[in-house]
Number of protein chains: 2
Amino acid sequence: MCLSSWVLIISLPKPSLQDNTADVDRLLQAIRQQTGAGHVTCHYRLMKKLPDILRASDYRVRCVLFKNAAGWFIVDVEPVTDARPVLGLAVDLGTTRVVIRLIDLISGGNLAENSFDNPQIAIGPDILTRIHDADQPGGIARIQELIISEINLQAERICRSVNLRADDIYLVTVSGNTAMTHLFLGLEPRWLIREPYIPVTNQPDVVCAADVGIRIHPSGQIFVFPNIGSYFGGDLISGILFSGLNRREETAMLVDVGTNAEVVLGNHSWMIACAGAAGPALEGGVTQMGMMAGPGVIDRVTIDPLDFTVDCHTIEDMPPRGICGSGLIDLAAQLFLSGMIDIRGKLVPGRCKDRFYLENGIPAFILVSAAQSETGCNLVITQADLDSLLRSKAAMFTILETLTGTVGLAPQDIPTFYIAGTFGYFINPVSAITIGMIPDMPLTRYQTLGNSSLEGASMLLKDPTKMDEIGMIQKNITYMELNVNMDFMNRFSAAKFIPHTHTGLFPSVRQWEG
Amino acid sequence: MCLSSWVLIISLPKPSLQDNTADVDRLLQAIRQQTGAGHVTCHYRLMKKLPDILRASDYRVRCVLFKNAAGWFIVDVEPVTDARPVLGLAVDLGTTRVVIRLIDLISGGNLAENSFDNPQIAIGPDILTRIHDADQPGGIARIQELIISEINLQAERICRSVNLRADDIYLVTVSGNTAMTHLFLGLEPRWLIREPYIPVTNQPDVVCAADVGIRIHPSGQIFVFPNIGSYFGGDLISGILFSGLNRREETAMLVDVGTNAEVVLGNHSWMIACAGAAGPALEGGVTQMGMMAGPGVIDRVTIDPLDFTVDCHTIEDMPPRGICGSGLIDLAAQLFLSGMIDIRGKLVPGRCKDRFYLENGIPAFILVSAAQSETGCNLVITQADLDSLLRSKAAMFTILETLTGTVGLAPQDIPTFYIAGTFGYFINPVSAITIGMIPDMPLTRYQTLGNSSLEGASMLLKDPTKMDEIGMIQKNITYMELNVNMDFMNRFSAAKFIPHTHTGLFPSVRQWEG
């Protein structure tokens, strides 16, 4: 029998001369019976308070349980009459944004959610800068302290927003990439980015919140999702868990796109994964007007194929001030379909008309005129931006092709294609197919997962059986180093065209025939 | 394959692009291979320092390992070049005396040994007084602090005596009765002495030294021997381990006599145990001149059967000031053999002559005259003292008879009879047989174990395989509640005679036929 929640209400048989089992042993025995666990551990700290609790509660107690790699253990035990809530906090520890969700561990309900910038941005927006900074004396502790104190602040705040207290958070699940979880735990990140790219651990497992400096219940525990290596993090494991890829009989693919593209292909019996630089063009922040999604950021673009009118949709319908990844993909697709760029992605001046100009000799396209932009300047995409985008999409497609190829499949043969991450949430799959970034297949096969890292972290808080599943995912994934050989480079070159040199791969894409 | 010591020297394969296992995982893998352990845990604290240690030591490290009920774990890891010693401390936590032994965990050698009074004596000499005192507000913490601070002081001192440092003690093993280990850990002792006699735990297992307040290495761990119940403590489990009773094919008996008589009967496939009040007469401190063994205390008595000269031997040959348990048993045996007491244990005035007198109407025997005693007073044993001793020895024999009876044996059929504890160390078995306290059998079958509690605690520090053995001992012992019914009382009455009403049980005992 399995537990349906980490909180167990349990009535113990009372001691008698016929049954004089010790208090702790009595409790552990009952827990073993109810959970089917082979072994359960009770911390010394709890042994000290147990006799009073058992006798004050007439042997009816509420236990918060958790499980680490060594087995089940009791996090806390209180009389069953204790009316205090038992909370959990799921943390999606992004390099840029952190999202937290407060969960009622008894009912499994979501209580509140909030997101905030990763304060380590102050050191550097990217992982490399932060890891180099950690090399300074005291650097690791300082950079860890940034994220820990911010999470403490935000945990307090999210609890207060629903009239609860962070003291009542017993379990925290943290899902992030390998660098972010290393920095969260204060583990030396130095060797992650140096050949042969060695993490301190692939299985941080469960640590005491107090040891990390997270201020929740004094007995609170933190589970940090395991990683597969320096470039395949716990956020992916969490995403796989949420997608259910590891539970399905049918083979599926899961793609998470950020600075890196991380790709998993598999089913309940096998999984292969790889990761590769898909290029930062998709993340915003690199193209001249690129930025993270936010109010006033262009997230959808339409170009009328007849009169070439450009229509930009902005988030919250605010005056436009930049463009995010999904907007950029939309734009490229629309430019291609209207013939404003050719199959090499080059701007076609004749088609672009007065939106075309040369910026320091480089061709550029005015998306929004100064008069209409929030900034009072033209919002422009240059040929360099477009080239960068095409390299990113080509890398993405080549990675997909390579991975599917290793098991004798073509990308378009995959029955289900999960797109993880916020990027996947906003992307228009038709546009992504149009530029040849993802395989041309019926849209019903695409499933966007939203913030799968947060969702996976939440799942574990709601369902104890997921702990073993996470272990199995980590164990079952075969990580494939991307071999960037001649074959890869040939595929990559072919994929740099829109949608591809081999247009038969993208039968649904038909460029404006002008 | 098994470890021959808790300290493991290990060379790790160095990371490469072909083997980019994480640091912690690399170490755990190597340890699993060398120990055959299914699972090994690395504490978060060690994860933080591991990357530097591995690279500074060229991947050759020295690990201190330990094992708790959940499995193996790393206590500490240092470069193999670290020349600091790795020490262990075995503690025999007696109610009255505490004995500690410092052990080199690498060589397994004994480095030093010391004993001191249990400072809780200041609260009360006996367990009951201490447990009642613990009921006062703050009582448990105060009584725990007494023993903890004394052990800290003594650990410092024993290390200094051999030019070592307590910081280098990584492992401590503590063997004591259930009440003493509860008070050592600060666990509520209240329910130990109240029906139905419930310990907080029968398996304190391994706790962090820092959590208990023991000042050794910051990562130091303490193993507290498990108990079977309130009246069958870890000192007995430790004693069984040392005796090897649990490993032998042939059935043996182990007896530990203090205020309680604890008895185990069994072999490698089964063990039954029971404990009963054997009476404090054997411990010293109850008879008028009774006391703990020490300089000037009478530990051997001979009475010439012809001229009735009484010869008292004292410890360190100092002038006599009292008598200890073994002296008392000698005295009773000699009084009986010389006809000065009869088979009921009553003083025979005609035989005792001028050593006999009435003290407030109660018959008494002058063992040492005021002129010869250190105190300047007569050292006297009264009829009440003798009655008390006979009740104790009768209880002892009845317990042995009852326990052996449950498996269809007579006490004298047992091939090996271990006598544990300091009592056993000093006792003259011939005298104990003479008064009918222990079965009449060839002396070669008796084996005194000395301080078996300390020896068992030491064994665990020297041999990791003993950890599982301890678990098996605890699991395999069937504890039998002594059923004090009519049958028991009949046996007890018969055993109150010297040596027994059924003299056929003690063929070797022949009273002086005068």
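Rules of the game
- Residues numbered from 1 in each chain as written.
- Chains lettered and ligands numbered in written order.
- Predicted model: local features only at pLDDT ≥ 70, side-chain atom pairs only at ≥ 80, totals over all residues.
- Helix = DSSP H or I, 4+ residues; strand = E, 2+ residues; numbered from the N terminus.
- Rg over C-alpha atoms; globule rule 2.2 N^0.38 Å.
- Buried ≥ 20, exposed ≤ 12 C-beta atoms within 10 Å, placed from the backbone.
- Contact = placed C-beta atoms within 7 Å.
- Nonpolar A, V, L, I, M, F, W, Y, C, P; charged D, E, K, R; others polar.
- Axes fitted to C-alpha atoms, helices over the stretch in contact; angles between N-to-C directions.
- Parallel < 35°, antiparallel > 145°, perpendicular 65-115°, else oblique.
- Left-handed = near helix turned anticlockwise from the far one by under 90°.
- Least-squares fit on C-alpha atoms with pLDDT ≥ 70 in both.
- Domains from an automatic or database assignment.
- Pairing = 2+ DSSP bridges.
- Core = buried A, V, L, I, M, F, W, Y, C linked by C-beta atoms within 7 Å.
- Arc of directions from axis to C-beta.
- pLDDT = per-residue confidence, 0-100.

1. Re the overall build of chain A
Within chain A, the secondary structure is distributed over 15 helices and 22 strands. Taking 2.2 N^0.38 as the reference for a compact globule, 514 residues should give roughly 24 Å; the C-alpha atoms of chain A span a radius of gyration of 26 Å, in line with that estimate. Projected onto its principal axes, the C-alpha coordinates of chain A cover approximately 95 × 50 × 45 Å. Taking all 514 residues of chain A together, 52% fall into the buried category. For chain A, the proportion of contacts with a sequence separation of at least 24, taken over those separated by at least 6, is 65%.

2. Thoughts on the interface of chain A and chain B
Each partner contributes residues to the interface: chain A has 36 residues there, and chain B has 36 residues. At the level of elements, helix 1 (23-35) and helix 2 (44-56) of chain A are the ones that each hand at least two residues to the side of chain A that touches chain B. Ranked by residue count, the leading element in the side of chain A that touches chain B is helix 2 of chain A, at six residues. Residues of the side of chain A that touches chain B, tallied by class, amount to 19 nonpolar, 10 polar and seven charged.

3. A word on the packing of helix 7 (residues 234-243) of chain A against helix 14 (residues 465-476) of chain A
All names here are of chain A. Look at helix 7 against helix 14: their axes get within 10 Å of each other, and the N-to-C directions meet at 120°. Of the possible angle classes, the one that applies to helix 7 and helix 14 is oblique. For the element pair helix 7 and helix 14, the recorded crossing hand is right-handed. Contacts from I237, I240 and L241 in helix 7 reach K466, E469, I470, I473 and Q474 in helix 14. Residue composition of the contact of helix 7 with helix 14, by class: five nonpolar, one polar and two charged.

4. Points about the relation of the copies chain A and chain B
The transformation that overlays chain A on chain B combines an axial shift of 0.0 Å with a rotation of 179°, and the residual RMSD is 0.2 Å. Such a turn and shift between the copies fits a two-fold axis. The position closest to the rotation axis in chain A is occupied by the C-alpha of A:A70, lying 2.9 Å away. Mapped onto chain B, 100% of the interface residues of chain A again fall at the interface, so both copies present the same surface.

5. Some thoughts on the domain arrangement of chain A
All names here are of chain A. Partitioning chain A into structural domains gives domain 1 (7-79), domain 2 (87-230), domain 3 (236-280 + 389-505) and domain 4 (292-378). One C-alpha centre belongs to domain 1, the other to domain 2; they are set 30 Å apart. Taken together, the contacts link eight residues of domain 1 with 10 residues of domain 2. The greatest single-element share of the side of domain 1 that touches domain 2, amounting to three residues, is contributed by strand 3 (residues 60-68). For the side of domain 1 that touches domain 2, the residue count by class is five nonpolar, one polar and two charged.

6. Section: the sheet that holds strand 15 (residues 310-314) of chain B
In a beta sheet, neighbouring strands are held together by backbone hydrogen bonds and run either parallel or antiparallel to one another. All names here are of chain B. The sheet built from three strands is open, its strands ordered 15-14-16 with mixed pairing. With partners counted over all chains shown, the strands left at the sheet margins are strand 15 and strand 16 (322-323), one partner each. Across two bridges, strand 14 (residues 297-303) lies against strand 16 in parallel orientation. Opposite V297, over in strand 16, you have G322 as the bridge partner. The strands that helix 8 (residues 325-337) touches are strand 14 and strand 16; relative to strand 14, the one it contacts most, it runs at about 15°.

7. Some remarks on the sheet that holds strand 17 (residues 356-359) of chain B
All names here are of chain B. The three strands lie next to each other as 17-18-19, forming an open sheet whose pairing is antiparallel. Because the sheet does not close on itself, it has two edges, and the strands there are strand 17 and strand 19 (379-382). Across the sheet, the mean angle separating the axes of adjacent strands is 45° when strand polarity is ignored. Of the pairings in the sheet, the one linking strand 17 to strand 18 (residues 362-368) comprises four bridges and is antiparallel in character. Note on strand 18: the bridge partner recorded for L358 is P363. Helix 10 (residues 383-406) contacts strand 18 and strand 19 of the sheet and is inclined by roughly 60° relative to strand 19.

8. Comments concerning the nonpolar core
With 315 residues, the main nonpolar core has A:V263, B:V263 and B:V264 as its most contacted residues. Not counting residues up to four positions away in its chain, the partners in contact with B:V263 are B:M253, B:V255, B:A273, B:C274, B:I399, B:L400 and B:L403.

9. Quick notes on the pairing of strand 5 (residues 87-93) of chain B
Residue and element names in this part refer to chain B. Most of strand 5 is tucked away: seven of the seven residues are buried. Taking every second residue as pointing to the same face, both faces of strand 5 are buried, with L87, L89, V91 and L93 on one and G88, A90 and D92 on the other. Sheet topology places strand 5 next to strand 6 (residues 97-104); seven bridges connect them, and they run antiparallel. Looking at the pairing, L87 lines up with D104 of strand 6. What sits between the antiparallel neighbours strand 5 and strand 6 is a turn of three residues. Bridge analysis of strand 5 against strand 8 (residues 169-176) gives seven bridges, and the strand direction is parallel. Counterpart to L87 in the pairing with strand 8 is I169.

10. Some points on unusual backbone geometry
Glycine aside, residues mostly have negative phi angles, and peptide bonds mostly take the trans form. Residues and elements named next belong to chain A. In the segment running from I498 into P499, the intervening peptide bond is cis, with an omega of -10°. As for its position among the elements, P499 is in the segment after helix 15 (486-495). The backbone phi angle of F308 is positive, close to 60°, even though this residue is not glycine. Turning to its location among the elements, F308 is positioned in the loop between strand 14 (297-303) and strand 15 (310-314). For F308, a count of 16 C-beta atoms within 10 Å gives the class partly exposed.

11. Looking at the environment of A:Q203
With respect to the helices and strands, the residue A:Q203 is situated in the loop between helix 5 (178-185) and strand 9 (205-208). You can call A:Q203 buried: it has 22 C-beta atoms within 10 Å. Along the sequence, A:Q203 and A:I240 sit 37 residues apart, while their C-alpha atoms lie 16 Å from each other. Non-local contacts of A:Q203, meaning those with residues more than four positions away in its chain, are made with A:A69, A:P226 and B:D25.

12. A word on the environment of A:V297
Residues and elements named next belong to chain A. Along the polypeptide, V297 turns up in strand 14. We classify V297 as buried; it has 24 C-beta atoms within 10 Å. Taking the C-alpha atoms as reference, V297 lies 36 Å from T251; in sequence the two are 46 residues apart. With near-sequence residues (within four places) excluded, V297 lies in contact with M291, T314, I315, R321, G322, I323 and C324.

13. Let's talk about the packing of helix 7 (residues 234-243) of chain B against helix 13 (residues 452-462) of chain B
Between two packed helices, the angle of one axis relative to the other and the distance separating the axes together describe the packing. All names here are of chain B. Between helix 7 and helix 13, the least distance of the axes is 7 Å, while the angle of their chain directions is 70°. With respect to helix 13, the axis of helix 7 lies roughly perpendicular. Each of D235, S238, G239, L241, F242 and S243 in helix 7 lies in contact with helix 13, whose residues at this interface are S452, S453, E455, G456, A457 and M459. Its residues assigned to classes, the contact of helix 7 with helix 13 shows four nonpolar, six polar and two charged.

14. Some details on helix 5 of chain A
Helical geometry note: an α-helix holds 3.6 residues per turn, so side chains three or four residues apart project in the same direction. Extensive coverage of helix 5 of chain A is indicated by the burial of eight of its eight residues. With its phi angle positive at about 75°, A:G186 sits one or two positions after the end of helix 5 of chain A.

15. Side note on helix 3 (residues 127-134) of chain A
Residue and element names in this part refer to chain A. Turning to helix 3, its buried residues number three or more, namely I127, R130, I131 and A134. Buried residues of helix 3, viewed axially, fall in a sector of 95°; they line one side. Turning to helix 3, the residues buried within the fold contact helix 4 (139-161) and helix 5.

16. What about the environment of B:F308?
Put simply, B:F308 and B:P79 are 229 residues apart on the chain and 71 Å apart in space, counted from C-alpha to C-alpha. Not counting residues up to four positions away in its chain, the partners in contact with B:F308 are B:I303 and B:S338.

17. Observations regarding the confidence of the model for chain A
Looking at chain A, pLDDT values average 92 and 96% of them are 70 or higher. The complex model carries a pTM of 0.92, and its ipTM stands at 0.91.

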